[in-house]
Amino acid sequence: MIKKLYYSIVLLLISTGLTFAQTGAISGSVATSEGSAAEFVSINVKGTGKSALTSKTGTYQIKNIKPGSYTIVASFVGLQNQEQVVEIKTGETATVNFILKESADQLMEVIISSRNANKVNTIVAKLPLKNLENPQVYNSVPLEILKQQVITNYDDAMRNIPGISRTWESTGRAGDGASYFALRGFDAQPSLINGLPGLTSGNLDPADVEEIQVIKGPSATLFGGSFYSYGGIINTITKKPYDFFGGEITYNQGSFGLNRLTADINTPLSKKNKIALRINTALHREDSFQDAGFKKSFFIAPSLSYQVNDKLSFSLLAEVLEENRAVAPVFFHSNREAPLDFHNIDELNLNNKASFISNDLTIKNPRYNLQGQMLYKLSNQWNSQTVVSSGRVKSDGIYSYIWDDAPGDNVFDQYYHNENQVTKTIDIQQNFNGDFLIGGLKNRLLVGFDYFSRNVKENGSGWAVGRTVSPNGMVSEELNKAAINELLAANPGFPSDISNSSSSAYVSNVLNITPGLMALASLRADYFDSKGDKEDPDDNYNQFALSPKFGLVYQPVLNKVSLFINYMNAFINVAPNVTYDDDNVKTGVQSFKPEHADQLEFGVKTNLFTDKLTATASYYDIKVSDRVIYTQTGPVQGGKVGSKGFELDLNANLLTGLNLIAGYSHNETKVLEGNGNDFYNEVGRSPGGQGPQDQVNLWASYKFNYGKLKDFGIGFGGNYAGQYKVIDNSVVGDFYLPAYTLLNGGVFYNARKVRVNFNVNNITNKEYYIGYWSVNPQRPRHFAASVTYKL
């Protein structure tokens, strides 16, 4: 028996050796014109179907090529292909190197302009997966698009993503003062930075943004339940240091007093030890299109990388933002109980130039975010990632909103509150990634642990009605900061100091059943522990949740077409609540289990013509169950909301210099199980904040690469949003925001050392609004110009 096994092994080794001996291989490197390594360049052997992507060091290798003469093609979306002819000999490795005409700076622009190319993404699945291998849908806005569109406001980048719309301006208020977005019918706020929790109660500055990712669908399995993620999560990827000196300085000027100066400086501190530093900073000043309102901010974000050796590396990031603003209040045009007096903008007669504030009433949102990462290669099959993040954000100043307390008189109360809240967070993650074979099948495994803690200290005032206003802009009296402070001094708040934490473990594995058939299975176990207010020993509670995720991917045409289906989950912890009897007498405290969202989604992804045409089309159905419904006697658990829809995302670069991004989305969000004609939970009605049902986004740009117009370019596009029902209730009635079409365009000059952009947004000067049970006027026609000097 042993002899037979021995002979079998020998024969196997001999046959394997003969097979290898009868073929050859190709290896080489790709560099830029200045000698830097070029990553993600596609190397193809014509006529064989064999290909490879260059690594971070610009190297590649292709094995098992039959002897003969072949044409080797180096290509990247947006660049001209390069070809070399090579002779492959039995048992030998031929060397084929390429030098791109582009500099490292130009190549970086091209890389990030390829939004959905089939490149490896390590954040969405926390595993190194290509887009076609991932059963989850995600879209991104790269830095090059931000530059082309002269985007100086983070929120404006979302106009390039299908299925997401802003419903609420950033207010700066405590806890959730960032902008609200509707994503697949549910709330979303920018909540992740480099895949880690990132706090903001105000605005995000785009100065250090490399890419903005919108990760679609319930995503708690890998990212936790500490923030809303039913429809998806907005993740910001920051700029990273690189190994040569470079950068740029940009000045922006535009309508409504926009003046902005930014700098992006990168320098190696030690080429021998591979230490690099990159600093991004911005100084921003902008007024409002309304009769009052402004924003002043200073932002700085240093980042440091240290490549110790081939196995170990460190990276550090710090973001510091100081911001002072006068913010227009949210205009709530219903008390959510009485029938509406108006059902559209014309009937409301809202003066869109009236801000209902003064520049004396300001709010500040100072914040910092710190992140540290250590990567260590344990072996050829295993890698370790240790990450730590810490954040602090403060809301400090006057916040107000307008509320229709008593419908029928066309008079609205304006409420004021003195914000004084500080939130601190700490997050620690340890992830292990494995890539190995079991029974001849490839496995990519993630095992991770996550600890997240949050402390919130509240020292703000109470609320008080300061005056009355009318939609046409009339106010009962003018109030300054001194008057508001005097008003609020008689309305003390309720100080609190609340802490909570969650401890989680998760595992995820992608199994290659065949080269084109993959299965993903993931599970998170999460323990949430709330210490409550330290002054109240009776409000502690804890909850346990399991969050699964499954997916299948089949590629009928390998690396070109992918069919996928996924099941995804998210959860939110729900605090206990006091219950009352019919006479409004307290009867006890009701505990709850976490809310859960479950999604079933299927679709197709394509990556055709060597990354030059990528598209994703998907249909999703999300059910949120175990919602807490508030009744007269107290809360009960059992509500359900459904959201279903279709999304299409397209990115084309079929001609050199021509880039097209386009998207369409349709969504329907309804209450499935509710509570009579309750404003928030009436069956068959929209719960609010779901955004327009139909949306379209488009942006096309062309850069001339030859002739007298070389380096000049044009861009044109726009957005469409259908009619949006912001209030939907049988008692209160319906309120609609009108559909709108926005057109944007610009021209640019982008040479080796200088870039100049001039863009006009809302070219037709369309009057339009967004809302979340509210009405928020948006900017009329405005321009933005920028001049950049590249170092």
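Per chain, the residues get numbers from 1 upward, laid out in the order the sequence is written. Local features in this predicted model are restricted to residues of pLDDT 70 or higher, and side-chain atom pairs are both shown and tallied only at a pLDDT of 80 or more, whereas totals for entire chains, interfaces and linings draw on every residue. Based on all heavy atoms of the structure, the side-chain values leave hydrogens and waters out of the count.

## Structural notes on the overall build of the protein chain
Reasoning step 1: Summing up its helical and strand segments, the protein chain has six helices and 49 strands in all.
Reasoning step 2: Atoms considered for the radius of gyration are the C-alpha atoms alone. The globule rule reads 2.2 Å times the number of residues to the power 0.38. Taking 791 residues into account, the globule formula puts the C-alpha radius of gyration at 28 Å, and the protein chain, at 28 Å, falls close to it.
Reasoning step 3: Seen through its C-alpha atoms, the protein chain measures out along the principal axes to roughly 90 × 75 × 45 Å.
Reasoning step 4: Working definition: with a 1.4 Å probe on protein chains only, accessible area under 20% of the residue-type maximum means buried, over 50% means exposed, and in between means partly exposed. Buried residues in the protein chain amount to 55% of all 791 residues.
Reasoning step 5: Accessibility throughout is a Shrake-Rupley quantity obtained with a 1.4 Å probe, and a residue counts as covered only by protein chains that appear here. Summed over all atoms, the accessible surface of the protein chain reaches about 33,700 Å², with 57% contributed by carbon and sulfur.
Reasoning step 6: Looking at charge distribution, the protein chain has the averaged site of its 71 positive side-chain charges lying 13 Å from that of its 75 negative ones. The numbering of helices and of strands both runs from the N terminus, where a helix is a DSSP run of H or I of at least 4 residues and a strand a run of E of at least 2. Counted as positive: Lys and Arg. Counted as negative: Asp and Glu. His and the chain ends are not counted at all. Here the site of a charge means atom NZ of a Lys, CZ of an Arg, CG of an Asp or CD of a Glu.

## A closer look at the nonpolar core
Reasoning step 1: The set of buried Ala, Val, Leu, Ile, Met, Phe, Trp, Tyr and Cys residues whose side-chain atoms join them within 4.5 Å is what this entry labels a nonpolar core. Counting 30 residues, the largest nonpolar core has F735, L737 and V775 as its most contacted members.
Reasoning step 2: Within the residue set of this core, elements represented by two or more residues are β24 (330–332), α5 (345–348), β27 (382–403), β28 (412–438), β43 (724–729) and β44 (733–737).
Reasoning step 3: Considering each element in turn, this core owes the most residues, four residues, to β27.
Reasoning step 4: Residues count as neighbours in contact if any of their non-hydrogen atoms are within 4.5 Å of one another. For V775, the contacting residues outside a window of four places in its chain are F331, H333, I345, L348, L350, F735, L737, Y769 and I770.
Reasoning step 5: The next biggest cluster of nonpolar side chains, apart from the first, holds 21 residues, and it includes Y138, L192, I233 and L446.

## Overview of the sheet that holds strand β14 (residues 186–188)
Across a sheet, paired strands are connected by hydrogen bonds in the backbone, their directions being either parallel or antiparallel.
Reasoning step 1: In this scheme, strands are said to pair when DSSP sees at least two bridges between them. Across the sheet, three strands lie side by side as β12-β13-β14; this open sheet has antiparallel pairing. Lying at the two open borders of the sheet, with one neighbouring strand each, are β12 (164–168) and β14. Here the strands of the sheet are splayed against their neighbours by 40° on average, with no regard to which way each runs. To define axes, lines are fitted to C-alpha atoms, for helices over the stretch in contact only, and angles between the resulting N-to-C directions are given on a 0 to 180 degree scale.

## Let's talk about the pattern of salt bridges
Reasoning step 1: Criterion for a salt bridge: a side-chain nitrogen of Lys or Arg within 4 Å of a carboxyl oxygen of Asp or Glu. What the rule picks out here adds up to 31 salt bridges.
Reasoning step 2: Linking R166 and D155 is a salt bridge whose minimum nitrogen-to-oxygen distance equals 3.3 Å. Here R166 is found in strand β12, whereas its partner D155 is found in the loop between α3 (143–148) and β12, with 11 residues between them in sequence. For the pair shown, R166 and D155 are each scored as buried.
Reasoning step 3: Note that K216 and E647 form a salt bridge whose closest N and O atoms lie 2.9 Å from each other.

## Description of the environment of D621
Reasoning step 1: Structurally, the position occupied by D621 is in strand β38 (residues 613–631).
Reasoning step 2: Among the residues examined, D621 registers a relative accessible area of 24% and is labelled partly exposed.
Reasoning step 3: Each residue touching D621, except ones within four places of it in the same chain, is listed here: D598, Q599, L600, S643 and K644.
Reasoning step 4: Any pair of N or O atoms that falls within 3.5 Å is considered a polar contact. Within protein, one atom must be able to donate a hydrogen and the other to accept it, and sequence-neighbouring residues count only if both atoms are side-chain atoms. Polar side-chain contacts of D621 include one of 2.9 Å to the side chain of K623.

## Let's talk about the sheet that holds strand β18 (residues 232–238)
Reasoning step 1: Here we have five strands laid out as an open sheet, ordered β11-β17-β18-β15-β16, and mixed in their pairing. The sheet terminates laterally at β11 (138–142) and β16 (196–197), the two strands that pair on one side only.
Reasoning step 2: In terms of strand pairing, β11 meets strand β17 (residues 209–216) through five bridges, oriented antiparallel. Bridge pairing links V141 to I212 in β17.

## Examining the packing of aromatic side chains
Reasoning step 1: Two rings from Phe, Tyr or Trp (for Trp, the six-membered ring) form a pair when their centres sit within 6.5 Å of each other. Planes less than 30 degrees apart are called stacked, planes more than 60 degrees apart edge-to-face, and all others tilted. Counting across every chain of the model gives 30 aromatic pairs.
Reasoning step 2: Relative to W403, the ring of F332 has its centre 5.9 Å away and its plane inclined at 65°; by these criteria the two rings are edge-to-face. In this pair, F332 is assigned in strand β24 and W403 in strand β27, connecting sequence segments 71 residues apart. In terms of burial, F332 and W403 fall into one category: buried.
Reasoning step 3: Measuring from centroid to centroid gives 6.4 Å for Y399 and Y401, while their planes differ by 40°, and the two rings are tilted.
Reasoning step 4: Grouped by ring-pair contacts, the aromatic residues W168, Y180, F332, Y399, Y401, W403, Y415, W463, F679, Y680, Y772 and W773 constitute a single cluster.

## Observations regarding the environment of F494
Reasoning step 1: For F494, the position within the fold is in the loop between α6 (481–489) and β31 (496–514).
Reasoning step 2: Here the alpha-carbon distance between F494 and Q693, two residues 199 residues apart in the chain, equals 40 Å.
Reasoning step 3: Not counting chain neighbours up to four residues away, the residues in contact with F494 comprise E458 and G460.

## A word on a nonpolar patch on the surface
Reasoning step 1: Like-charged residues are merged into a patch within 9 Å and nonpolar side chains (Val, Leu, Ile, Met, Phe, Trp, Tyr) within 5 Å, provided each residue has over 30% relative accessible area and no salt bridge. Together, F245, I249, Y251, L261, L283, F298, V754, V756, V787, Y789 and L791 make up a nonpolar patch on the protein surface, roughly 940 Å² of accessible area in all.
Reasoning step 2: Elements with a minimum of two residues in the nonpolar patch: β19 (246–254), β46 (754–761) and β49 (782–790).
Reasoning step 3: Locating V756 in the fold gives a position in strand β46.
Reasoning step 4: Take V756: its relative accessible area is 33%, and that puts it in the partly exposed class.

## So, the pairing of β19
Reasoning step 1: Where β19 meets strand β20 (residues 258–270), nine bridges bridge the pair, whose relative direction is antiparallel. For N252, the partnering residue across the bridge sits in β20 and is R260.
Reasoning step 2: The loop that links β19 with its antiparallel partner β20 comprises three residues; one of these, F256, has a positive phi angle of about 55°.
Reasoning step 3: Inspection of the sheet shows β19 paired to β49 by seven bridges, in the antiparallel sense. Opposite N252, over in β49, you have S786 as the bridge partner.

## With respect to the confidence of the model for the protein chain
Reasoning step 1: The pLDDT value expresses, per residue, how confident the predictor is, ranging between 0 and 100. Confidence in the prediction of the protein chain, expressed as mean pLDDT, is 90, and 93% of residues score 70 or more.
Reasoning step 2: Overall, residues 5–20 carries pLDDT values under 50, and its contacts beyond four positions in sequence, including any with other chains, amount to one contact.
Reasoning step 3: Contacts of residues 111–116 to residues separated by more than four positions or lying in other chains number 29 contacts, the stretch itself having pLDDT below 50.

## Remarks on the pairing of strand β1 (residues 24–31)
The side chains of a regular strand alternate between both faces of the sheet.
Reasoning step 1: Among the eight residues in β1, seven count as buried, and that is most of the element.
Reasoning step 2: Bridge analysis of β1 against strand β4 (residues 59–65) gives five bridges, and the strand direction is antiparallel. Within the sheet, the bridge partner assigned to I26 lies in β4 and is I62.
Reasoning step 3: As judged from the three bridges shared by β1 and strand β7 (residues 93–95), these two strands associate in the parallel manner. If you follow I26 over to β7, its bridge partner there is A94.
Reasoning step 4: The pairing of β1 with strand β8 (residues 98–99) spans two bridges and is parallel. Each bridged residue has a counterpart across the sheet, and for V30 the counterpart in β8 is F98.

## Quick look at the side chain of T200
Reasoning step 1: Of note, T200 is situated in the loop between β16 and β17.
Reasoning step 2: Classification of T200 by relative accessible area gives buried; the value is 10%.
Reasoning step 3: Discounting residues that sit within four places of it in the chain, T200 has contacts with A178, P190, R367 and V393.

## Some points on the environment of S303
Reasoning step 1: Positionally, S303 belongs in strand β22 (residues 294–307).
Reasoning step 2: For S303 and S69, which are 234 residues apart along the polypeptide, the C-alpha to C-alpha distance reads 47 Å.
Reasoning step 3: Among residues more than four places away in sequence, those in contact with S303 are K239, P241, A276, L277, R278, L316 and L317.

## Overview of unusual backbone geometry
Reasoning step 1: For F356, which is not glycine, the phi dihedral falls at a positive 60°.
Reasoning step 2: Along the polypeptide, F356 turns up in the loop between α5 and β25 (363–364).
Reasoning step 3: Residue classification places F356 among the buried positions, given a relative accessible area of 7%.
Reasoning step 4: Backbone geometry places N410, a non-glycine residue, at a positive phi of 55°.
Reasoning step 5: In this fold, N410 is placed in the loop between β27 and β28.

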